[in-house]
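Chain by chain, the residues:
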Amino acid sequence: MNPVIVRNIKIGEGIPKICAPIAEAPREEILSSAKNIREAGADLVEWRADWYEDVFDIKKVEETAGELRRVLGNMPILFTFRTAEEGGERGIEQEAYLALNQKAAESGYIDLIDVQVFIENDVVKSIIETAHNCGVKVVASNHDFLGTPAEEEIISRLRGMQKLGADILKIAVMPRGAKDVLTLLAATEKMYSEYADRPLITMSMAGKGVISRVCGEVFGSAITFGSAGKASAPGQMDVEDLKTVLEILHRSF
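Residues numbered from 1 in each chain as written. Predicted model: local features only at pLDDT ≥ 70, side-chain atom pairs only at ≥ 80, totals over all residues. Heavy atoms only, no water.

1. Here we look at the overall build of the protein chain
Looking only at helices and strands, one finds 8 helices and 11 strands in the protein chain. Against the compact-globule benchmark of 18 Å for 253 residues, the protein chain has a radius of gyration of 17 Å, which places it among compact chains. Along the three orthogonal principal directions, the C-alpha set of the protein chain runs to about 45 × 40 × 30 Å. Burial analysis of the protein chain (253 residues in total) assigns 55% to the buried set. Look at the contacts in the protein chain between residues 6 or more apart in sequence, and 73% of them connect residues 24 or more apart. Here the protein chain displays about 10,700 Å² of accessible surface, and carbon together with sulfur accounts for 48% of that area. (Helix = DSSP H or I, 4+ residues; strand = E, 2+ residues; numbered from the N terminus. Rg over C-alpha atoms; globule rule 2.2 N^0.38 Å. Buried < 20%, exposed > 50% of the residue type's maximum accessible area, 1.4 Å probe, protein only. Contact = heavy atoms within 4.5 Å. Areas by Shrake-Rupley, 256 points an atom, 1.4 Å probe, with all protein chains shown as cover.)

Written out as structure tokens, the structure is:
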């Protein structure tokens, strides 16, 4: 396993890193949320740009990214436009998705870009190429709100992300019962121990899956998501509570 180093953190080693989302519409609330996240002690920030009211104005996106960088200092920023098909706030044409992510990578303010792997394949490859040319890391992702695929399918999707050249592999699934959570955890452990040569992020969403957000150090998930205000997905814990639980588990690991 090769950790990914982004600014001041090493992803894929030690305690799972905490990523807190910014899921606000007006610029002022985005910046206010960033201040709260910095004070809460998260390791990195995910700017959920699909919530941003001016997200289709690329110039304003770049300006807001610059203001976020000034507020957050050296804290890494993950730029994400989550499409409606995978639980995001709005839809987007693939050409616009490509342009938005490429401009974010080229802005100089963003450290990581989330790329949904079920977007058209050439779009995914173009974003990854642009990001890497700009020194930006790529989180390849898939969010399945319909249920939890079989263990073999989860592993297959993660291995596909690795073949695409993403730096970090991410999948989130929806459990229908406790057995689905076990399926996600078993797939995580097998991917981590047998196939992955880079960090991965896995989670089972909603209340039933909350255990998957705190046991990453055991099963191999390198980042967990916690809220310092508005949650961006079901089942996210408060950052401070999440940090406490992770540290307690680490001491006994």
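2. So, the packing of helix α2 (residues 58–72) against helix α3 (residues 94–106)
Direction vectors running N to C along α2 and α3 enclose 35°, while the axes themselves pass 10 Å from each other. Read as a crossing pair, α2 and α3 show a hand that is right-handed. Residues Ile 58, Val 61 and Glu 62 of α2 lie in contact with α3, whose contacting residues are Ala 99, Leu 100 and Lys 103. Grouping the constituent residues of the contact of α2 with α3 by class yields 4 nonpolar, no polar and 2 charged. (Axes fitted to C-alpha atoms, helices over the stretch in contact; angles between N-to-C directions. Left-handed = near helix turned anticlockwise from the far one by under 90°. Nonpolar A, V, L, I, M, F, W, Y, C, P; charged D, E, K, R; others polar.)

3. Considerations on the packing of aromatic side chains
This structure, assessed with the given rule, holds 3 aromatic pairs. Geometrically, the ring pair formed by Trp 47 and Tyr 52 is tilted, given 5.6 Å between the ring centres and 50° between the ring planes. Each member of the pair, Trp 47 as well as Tyr 52, carries the same accessibility label: buried. Pairwise contacts between aromatic rings join Trp 47, Tyr 52 and Phe 79 into one cluster. The ring of Phe 225 has Lys 170 lying over it, and the distance from NZ or CZ to the ring centre is 4.3 Å. (Phe/Tyr/Trp six-rings, centres within 6.5 Å; stacked < 30°, edge-to-face > 60°. Lys NZ or Arg CZ within 6 Å of the ring centre and 35° of its normal.)

4. Details of the packing of helix α5 (residues 151–164) against helix α6 (residues 178–195)
Where α5 meets α6, the axes come as close as 9 Å, and the angle between the chain directions of the two elements is 45°. Relative to α6, the element α5 lies oblique. For the crossing formed where α5 meets α6, the hand is right-handed. Each of Glu 151, Ile 154, Ile 155, Leu 158, Arg 159 and Gln 162 in α5 lies in contact with α6, whose residues at this interface are Thr 183, Leu 184, Ala 186, Ala 187, Lys 190, Met 191 and Tyr 195. A breakdown of the residues in the contact of α5 with α6 according to their chemical character gives 8 nonpolar, 2 polar and 3 charged. (Parallel < 35°, antiparallel > 145°, perpendicular 65-115°, else oblique.)

5. Quick notes on the environment of Arg 90
Here Arg 90 shows up in the loop between β5 (77–80) and α3. For Arg 90, a relative accessible area of 25% translates into the label partly exposed. Placed 39 residues apart in sequence, Arg 90 and Trp 51 show a C-alpha to C-alpha distance of 7.9 Å. Beyond its immediate chain neighbours, meaning those up to four positions away, Arg 90 contacts Asp 50, Trp 51, Tyr 52, Glu 53, Val 55, Phe 56, Phe 81, Arg 82, Thr 83 and Ala 84. There is a polar contact of 2.6 Å between the side chain of Arg 90 and the backbone oxygen of Asp 50. In this structure the side chain of Arg 90 is engaged in a polar contact, spanning 3.4 Å, whose partner is the backbone oxygen of Tyr 52. (Polar contact = N/O pair within 3.5 Å; in protein donor to acceptor, adjacent residues only side chain to side chain.)

6. Points about the sheet that holds strand β3 (residues 17–22)
Taken together, 9 strands build an open sheet; the order of strands is β9-β8-β7-β6-β5-β4-β3-β10-β11 and the sheet is parallel. Edge positions in the open sheet fall to β9 (200–204) and β11 (237–238), since each of these has one partner strand only. As paired elements, β3 and strand β10 (residues 223–227) share 3 bridges and run parallel to each other. The partner of Cys 19 across the bridge, within β10, is Phe 225. Strands β3 and β4 (44–48) of the sheet are contacted by helix α1 (residues 27–40), whose axis makes an angle of about 160° with β3. Sitting on the sheet, α3 touches β5 and β6 (112–116), and the angle it makes with β6 is about 165°. (Pairing = 2+ DSSP bridges.)

Remember, this is a structural readout, not a statement about activity or role.
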